[in-house]
Amino acid sequence: MEGDAVTAELGAFLLSLALAMSLAQGALGIFAGWRNDARLAAAAAGTAQSAALVLLGAFAILISLFLRSDFSVAVVTANSHVAKPLLYKIAGTWGNHEGSMLLWCLVSATFAALLATFRGAMTQSLWSRAIGVQGVVTAIAIAYTLFLSSPFARLDPAPLVGRDLNPLLQDPALAIHPPLLYFGYVGMSVPFSLAIAALMEGKIDAAWARALRPWTLLAWTMLTGGITLGSYWAYYELGWGGWWFWDPVENASFMPWLAAAALLHSAIVTERRGSLAAWTILLAIVGFGLALLGTFLVRSGVLTSVHAFAVDPKRGYAILAMLSFFVGGGLMLYAWRAPRLSEPSGFVLVSRESAMVLNNVGLAVAMGTVLIGTLYPLLLEALTGRLISVGPPFFNITFGPLMALLFFALPVAPLLAWRRGDLVGAWRLLHWAAFAAAGAAVVVLAIVRGPLWAAFGIAVGVWVLAGVALYVWKRAGSFGRVAALPLAVWAMVAAHAGAGLFTIGAVAETSFRKEQSVQMLPGQTVTFAGRNVTLLDITPREGPNYSAQRGAFRVDDRAVSAERRFYAVSGMPTTEVGILSGFAGDFYIALGSPGEGTVGPQAWTVRLYFNPLVQLIFIGAGLMGLGGALGLVVLARRRLAAPAAAASAVPAA
Amino acid sequence: MRKSSRRLIVIGAAGVLLALAAGLTLYGLKDSVAYFYAPSDVVVQAKAGERVRIGGLVETGSVARGGGVISFKVTDGVGAVAVSYQGDPPDLFAEGQGVVAEGVWRGGDTFAAERILAKHDEKYMPREVVEALKAKGEWKGTP
């Protein structure tokens, strides 16, 4: 490794350079906005673009250190091994605290560069101020990385072997889950920068809200994708049949998601009607605050979680200080400037904008309960010294009913017109959806004999889904014209239908899942969930960096296999489940431990699950993400089509 | 509709939603909070019917399996509690390793756990276990 003596140091140098550039970008941008100077604004934009390139270089160097297994670098030693497959050597770059913080900086700088490149309808002063604020965000993140968790720190003497990446993380979905999630988290910094820039300007108009929307939608879509992938990974990798555990770190990604969802909707109201401006600004600040809180929760290890990386209080305090600086500073600026923002006088009670307000209040309150459940243990420990944990039932009891209430209003909102809606007219159409929902509830109660809350939950999902279908029908007017509906309609329809499908899947899975743990000998057959499961045989298998026992099963007449892997370097076993997906749900097999129990030494513990309609959860979440992606296309097109018309605030539809 | 009465309706609706959320939150916190205890404390301190988490190390040589039930002892070096669990423990469950058993405390000799947690990342013991071990002076890792 003598030849690479300077590579890590070059990385650290590039990181320092990027810090200086981001600081310059911050100063230039804010000053340019204040003086409204075109040349200074262009300089800020150019600095932002170059800083992103410099950080990209630093990140590429870290990847190359992982690829070459340079064990003189501490972070490589702690998280990599020569025997690891290529993809996971690369993924190992961000599968640890230091590397993921570098990724955080890179993403923040990338967003600054994008902001600098795509000015769109923004006025010059707003644009340069936003670039400036984004520069400050990047600079603080780089300072934290450089001084408290540098990925380029060396080990002396260098060890000969590394400790390997946690085997649970050696999975294709987990290779892209963190970057997606980080793009989502850090993506919330752009609405924040735009909000702070608008507060500096002291002016909020439709053009500002129009500039805000694509960035919010981008962050929300990335968060949706990242969370969905993480959930799917937990489902097939952890081997417990579950897909969401209300783990503090899951909540940490879910809260910014809720804030972004609220912000998406309130920004539409601000663009179309000019109202809710102050609330939109507040949401943008809080949304980024929650994204930072997410980083704090994941990185500090203050909460017991499956994800907690580093238990280093110094880092935790530093991230907490960052959080207070941005949220506290943002809120102070808000308190000072927001009362000056002029808003048009109120609106009619029955209208699309008031439905959107209901959406926002609902999402914000639901987010508040998740926040309380997540932080309550910290609070109680600080106040009384008692250690507690808040379990999933809390979140099911609080979050479930609030979202159900929100989903009652969901199909109504698109049917109401702006300014004045016609509730009677909406009901004339929606009573069909109410019939469908009632029918679904009756089926659940009478035929499946499920509990009342399951009937209610599934009815809510069907109500949303049918309501969305009726909306499509109304917009198109006839079957022939459905295909001709504009893309913007499809974006909303996909996201809302996804929410409905997700609800049905989540309620069905939670209330009707079956599970059983059995001891099986090869050749033995058991009956579970109406199917015959036979353990055919168990054979050893060697993977690239693990050894495995593979159990071959037959479920009725379909073959499926489940594995138990052992990673020698880290000494960890993992489970690779066998899943048979069908229309009614997933048949899910996990191979447990061998040679124990009453049946004899050849018997294996086998865990069997039947997860009804579980795929609807992931399909629904995927549809929401697709809706977001379509919406991005729509907003991008709109911007390309009419850059000049952007200054006026005339609604398009 | 006058502006003031419209504002009243909006604030009223938000207030109802907030009250509902607050009620649900209090109700939920009452029933789904689990208190954490060290094995040597739980017998004396836990109230019957309380949801508890007992954290410590799996005592070496104490694990026994049979009939789909696994039983073992959780220790913090001072005291130990016998735990039984119906089902298969997590992959990382092993003798001498950190573990958290969650369930409802009913007194008696054996704690019937509803959930067994072993940290997914083997490098870090559950923080609660570390705190319990530190409090008992049994912690051997970094301070």
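Residues numbered from 1 in each chain as written. Chains lettered and ligands numbered in written order. Predicted model: local features only at pLDDT ≥ 70, side-chain atom pairs only at ≥ 80, totals over all residues.

### Notes on the environment of Ala 45 of chain A
Residue and element names in this part refer to chain A.
Moving on, step 1. With respect to the helices, strands and loops of the structure, Ala 45 is situated in helix α2 (residues 38-67).
Moving on, step 2. Between the C-alpha atoms of Ala 45 and Arg 119, which are 74 residues apart in sequence, the distance is 9.8 Å.
Moving on, step 3. Setting aside chain neighbours within four positions, we find Ala 45 in contact with Ala 116 and Ile 131. (Helix = DSSP H or I, 4+ residues; strand = E, 2+ residues; numbered from the N terminus. Contact = placed C-beta atoms within 7 Å.)

### Here we look at the domain arrangement of chain A
All names here are of chain A.
Moving on, step 1. Domain parsing of chain A yields domain 1 (1-165), domain 2 (171-344 + 352-390) and domain 3 (514-615).
Moving on, step 2. Each of domain 1 and domain 3 has a C-alpha centre, and the two are 43 Å apart.
Moving on, step 3. On the domain 3 side, the residues contacting the six residues of domain 1 number five residues.
Moving on, step 4. Looking at the side of domain 1 that touches domain 3 residue by residue, the classes come out as two nonpolar, one polar and three charged. (Domains from an automatic or database assignment. Nonpolar A, V, L, I, M, F, W, Y, C, P; charged D, E, K, R; others polar.)

### A few points about the sheet that holds strand β9 (residues 585-594) of chain A
All names here are of chain A.
Moving on, step 1. Spatially, β2-β10-β9-β8 is the arrangement adopted by the four strands of the open sheet, whose pairing is antiparallel. Only two strands of the sheet have a single partner each, and these edge strands are β2 (514-520) and β8 (578-581). On average, each strand axis in the sheet is inclined to that of its neighbour by 15°, with strand direction left out of account.
Moving on, step 2. The pairing of β8 with β9 spans four bridges and is antiparallel. (Pairing = 2+ DSSP bridges. Axes fitted to C-alpha atoms, helices over the stretch in contact; angles between N-to-C directions.)

### Side note on the packing of helix α15 (residues 423-447) of chain A against helix α16 (residues 452-476) of chain A
Between two packed helices, both the angle of their axes relative to each other and the distance between the axes serve to describe the pair.
Residue and element names in this part refer to chain A.
Moving on, step 1. The N-to-C vectors of α15 and α16 enclose an angle of 150°; their axes lie 8 Å apart at closest approach. Taken together, the axis directions place α15 and α16 in an arrangement best described as roughly antiparallel. Our pair here, α15 against α16, has a crossing hand that is right-handed. Here Leu 429, Leu 430, Trp 432, Ala 433, Ala 434, Ala 436, Ala 437, Ala 438, Ala 440, Ala 441, Val 444 and Leu 445 of α15 lie close against α16, whose contacting residues are Ala 454, Ala 455, Phe 456, Ile 458, Ala 459, Val 462, Trp 463, Ala 466, Gly 467, Leu 470 and Lys 474.
Moving on, step 2. Among the residues forming the contact of α15 with α16, the class breakdown is 21 nonpolar, one polar and one charged. (Parallel < 35°, antiparallel > 145°, perpendicular 65-115°, else oblique. Left-handed = near helix turned anticlockwise from the far one by under 90°.)

### Here we look at the sheet that holds strand β6 (residues 558-567) of chain A
Residues and elements named next belong to chain A.
Moving on, step 1. Pairing within the open sheet is antiparallel, and its five strands lie in the order β3-β4-β5-β6-β7. In this open sheet, the two edge strands, each paired with only one partner strand, are β3 (525-528) and β7 (572-576). Taking the axes of each pair of neighbouring strands and ignoring which way they run, one obtains an average angle of 25° across the sheet.
Moving on, step 2. Alignment of β6 against β7, held across five bridges, turns out to be antiparallel.

### Observations regarding unusual backbone geometry
With glycine set apart, most residues show a phi of negative sign, and most peptide bonds adopt trans.
All names here are of chain A.
Moving on, step 1. Even without being a glycine, Arg 419 presents a positive backbone phi close to 70°.
Moving on, step 2. Tracing the sequence through the fold places Arg 419 in the loop between α14 (392-409) and α15.
Moving on, step 3. Of the residues examined, Arg 419 has 12 C-beta atoms within 10 Å and is grouped as exposed.
Moving on, step 4. Phi at Ala 529 is positive, roughly 50°, even though this residue is not glycine.
Moving on, step 5. Accessibility expressed as a C-beta count within 10 Å gives 18 for Ala 529, which makes it partly exposed. (Buried ≥ 20, exposed ≤ 12 C-beta atoms within 10 Å, placed from the backbone.)

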